[in-house]
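This is what each chain is made of:
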Amino acid sequence: MAGPDWNRTGWEWESPDYEPTLPVSEKSNPLTRDIDRASASSIVKMLQACDAQMFQEEAGRSCQRLLSDQVVTTMMEVAKRAELILKDPEDSLVVLSGCGTSGRLAFLLASGFNKELRKVNQSPIYAYIIAGGDRALFSSREAPEDDPQLGVLSLQKVCEGKKRVLFVGISCGFSAPFVAGQLDFCLQHPDVYTPVLIGFNPAHQARDEHMPGCSFTFYSVVQRMQEFATSQKAFVINPVVGPEAISGSSRMKGGSATKILLEVILSAAHAATFSHTAITYKGILQHMRVYETTANKTYAQTEAITALVEAAGQSLRSGRSVCYLGWGSLALLALIDASECHPTFGAAYKDVRGFISGGYRELNNNEGALTLLGPEFGISHEDFLHSFLPSLNEQDTVLLIYTHSDDVSEVLKLARRVREKTPNLHAVYHQSDGDIAASLQDDINKLCPSTLKITWSTPASGCLLHMQWELSTKLVLNAVSTGAYVLKGKIYQNHMIDMQVTNSKLYRRAKRLLQKLSGCPEPRCEEALLKAVYQMDKLPKDITSSDVTTHTGAATNRTQVVPLALVCLLTGCSLTEAKSHLKQQPIIREAVAVIMDMA
Ligand code: F1P
């Protein structure tokens, strides 16, 4: 058999020589090397090409992919385990758990499948866990991700009194200690727990770094999971989907692939339990192919997506906001997309905001309304009307996100209110053949300079249609927010520079980035990073001898840590001088480019 052709465009990352020390989830994608200098339409095309990598088939001796035989087979096995629980739910639970985006998707999926159960008069059996609790659903809280004990405690709490638990731990980068702790606990209690691990790196690339007070690493847990998997006491699903468009931004393909895998598995289990449709290899594969079509159909709207990226980019460049006003689970995807902008791009919470019709009532999350935690937790349309609408102007971009099955007259009502303040109003709208609320939609179209409308053919199950809408919306919103921040100049090449350094994974990523961009040795980069974290030009010994957890704790609420460190490294200037440099040139890409030229 001929070996893989590494030189094919976009495939170099599969070569063993391409960024060999990095796992796939952290590598930089050759397709987006110049995304920071691209136009809105090129950005969208690059994102399309990156997303298409999710569905590429295994080539030669490369790693397993989404549609690989081994992946599909393991999905069938996990679906059968879920079916057993659905058929005999007494004292049983399916738990979905993760950190950041992975935890948010755990919430979305657990809520969605519990709703499906309610429709057939069954009690809910899905529970979700997100590191940092419900406030992490809508704000960035990376520190708890480093805590394996916390992971175990939250798992024990959710599973109290249960006799059989199918536990799904999600960590796109095979890296979160919170999830490793939970998997380790499951492996120690096989009488109750069957652990499933989902992530997007080959097993040997799992993170092998000890957390303080912890005897195992993610890597060692994956090894044990693989041993247990030989007797089906554990399952590992780890197709690679290619490096992210923005290096390490696992909210994008990692999140989409998580959603695809779990929806296919759990839908198959539901169909087997409630409609007597056997779980088959062919059925699983067909469902996966539906998502490929969904992505293609979405990106066929390149022009409309480009218009949204341009509008959103313009708003962010003028220091104004992008606001998502959504209905149903599409609104939850909008809330998720908005909440990810802070850790990914160093955004202020007001930059990109999401609002959901019905607020916390619609979400039905574990901890109920979080409104009292602060203004960023006001997520209902009423919150939008009270706190956002009064100051809205034509430089803000507003997106209406809905489907024909939502209350379109409500959409029109809100559109009219927004239109009184700004003409910069756009619609992202899904409909299926034959279900067109034509006159209301015409009225909405008249209020919007651009409408992204996708018409889907009605599949056998309404649930499948909904999942297609959701993935499609996720791809569009990820493109809008990522594209807008690229246009704002927050990305250098394809790296997030103005990132948060609030857990050990992000700390290591920041150090690596500084090394790559400055060419300085690791100890100097770490020193510069710490100076920026602690805002000191000279570091006392008690700081340099502290551990990473102390540093990441100190980095909470700090801004521009990595850009400051980079300016200091490249110019040898003080922190105060670096700050003033960044003040004069707030576009990080330009600031870095100027200094790189000077260096
Ligand atoms: C979890 C995660 C990401 C987030 C950021 C920090 O990653 O919270 O969702 O975007 O990178 O880590 P993982 O455990 O799913 O790899």
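Right above here is the structure, for reference.
I will try to describe carefully the structure that is included in this document. The shown structure was predicted, so the numbers you read here are calculated from the model rather than taken from an experiment.

## Examining the site of the ligand
Right, so step 1: Every residue lining the ligand is accounted for by C99, G100, T101, S102, E145, S171, C172, G173, S175, A176, S250 and K505.
Right, so step 2: Contact distances for the ligand include 2.8 Å between an oxygen atom and a backbone N or O atom of G173.
Right, so step 3: In a pocket analysis with a 2 Å cut-off to the grid points, the ligand is assigned to the largest cavity.
Right, so step 4: For the shell around the ligand, the residue count by class is 3 nonpolar, 7 polar and 2 charged.

## Digging into the sheet that holds strand β2 (residues 126-130)
Right, so step 1: One open sheet holds the 5 strands; their spatial order is β2-β1-β3-β4-β5, and the pairing between them is parallel. Bordering the open sheet on either side are β2 and β5 (235-237), each of which pairs with just one other strand. Ignoring strand direction, the axes of neighbouring strands in this sheet form an average angle of 20 degrees.
Right, so step 2: In the sheet, strand β4 (residues 193-198) pairs with β5 via 3 bridges, with the strands oriented parallel. Paired with V196 across the strands is F235, a residue of β5.
Right, so step 3: The strands touched by helix α2 (residues 69-87) are β1 (92-98), β2, β3 (164-170), β4 and β5; relative to β5, the strand with the most contacts, the crossing angle is about 130 degrees.
Right, so step 4: Sitting on the sheet, helix α3 (residues 101-119) touches β1, β2 and β3, and the angle it makes with β2 is about 165 degrees.

## Focus: empty space enclosed by the protein
Right, so step 1: For the structure on display, the rule yields 6 cavities of 30 Å³ or more.
Right, so step 2: The calculated volume of the largest cavity comes to roughly 450 Å³.
Right, so step 3: Forming the boundary of the largest cavity are 33 residues, of which G100, T101, E145, S250 and K505 lie nearest the centre.
Right, so step 4: Mapped by element, the contributors of at least two residues to the lining of the largest cavity are α3, α12 (341-345) and α18 (504-518).
Right, so step 5: Considered class by class, the residues forming the lining of the largest cavity number 10 nonpolar, 13 polar and 10 charged.

## Some details on the layout of surface pockets
Right, so step 1: Roughly 880 Å³ of volume is contained in the largest pocket.
Right, so step 2: Residue lining of the largest pocket: 41 residues in total, with S140, H342, A347, A348 and Y349 positioned closest to the centre.
Right, so step 3: Put simply, the parts of the chain that give the lining of the largest pocket at least two residues each are α4 (135-138), α10 (302-317), α11 (328-339), α12 and β7 (352-356).
Right, so step 4: For the lining of the largest pocket, the per-class residue count stands at 17 nonpolar, 13 polar and 11 charged.

## Focus on the side chain of S92
Right, so step 1: With respect to the helices and strands, S92 occurs in strand β1.
Right, so step 2: In this structure the side chain of S92 is engaged in a polar contact, spanning 3.3 Å, whose partner is the side chain of R164.
Right, so step 3: Each residue touching S92, except ones within four places of it in the same chain, is listed here: I85, K162 and R164.

## What to know about the sheet that holds strand β6 (residues 322-326)
Right, so step 1: Read across the open sheet, the 5 strands follow the order β7-β6-β8-β9-β10; overall the sheet is parallel. The strands lining the two open edges of the sheet, one partner per strand, are β7 and β10 (450-456). Across the sheet, the axes of successive neighbouring strands diverge by a mean angle of 15 degrees, strand direction being ignored.
Right, so step 2: Relative to β10, α10 is tilted by about 145 degrees, and along the sheet it contacts β6, β8 (397-403), β9 (425-432) and β10.
Right, so step 3: Contacts between helix α17 (residues 462-488) and the sheet are confined to β6, β7, β8, β9 and β10, with β10 contributing the most and set at about 150 degrees to the helix.

Basis of the calculations
Residues numbered from 1 in each chain as written. Predicted model: local features only at pLDDT ≥ 70, side-chain atom pairs only at ≥ 80, totals over all residues. Heavy atoms only, no water. Near = heavy atom within 4 Å. Polar contact = N/O pair within 3.5 Å; in protein donor to acceptor, adjacent residues only side chain to side chain. 1 Å grid on protein atoms, 1.4 Å probe; cavity = no way out; pocket = protein on both sides within 12 Å on 5 of 7 lines; lining within 4 Å. Sits in = over half its atoms within 2 Å of the grid points. Nonpolar A, V, L, I, M, F, W, Y, C, P; charged D, E, K, R; others polar. Pairing = 2+ DSSP bridges. Helix = DSSP H or I, 4+ residues; strand = E, 2+ residues; numbered from the N terminus. Axes fitted to C-alpha atoms, helices over the stretch in contact; angles between N-to-C directions. Contact = heavy atoms within 4.5 Å. Points joined across faces, edges and corners; volume = space filled by probe spheres on them.

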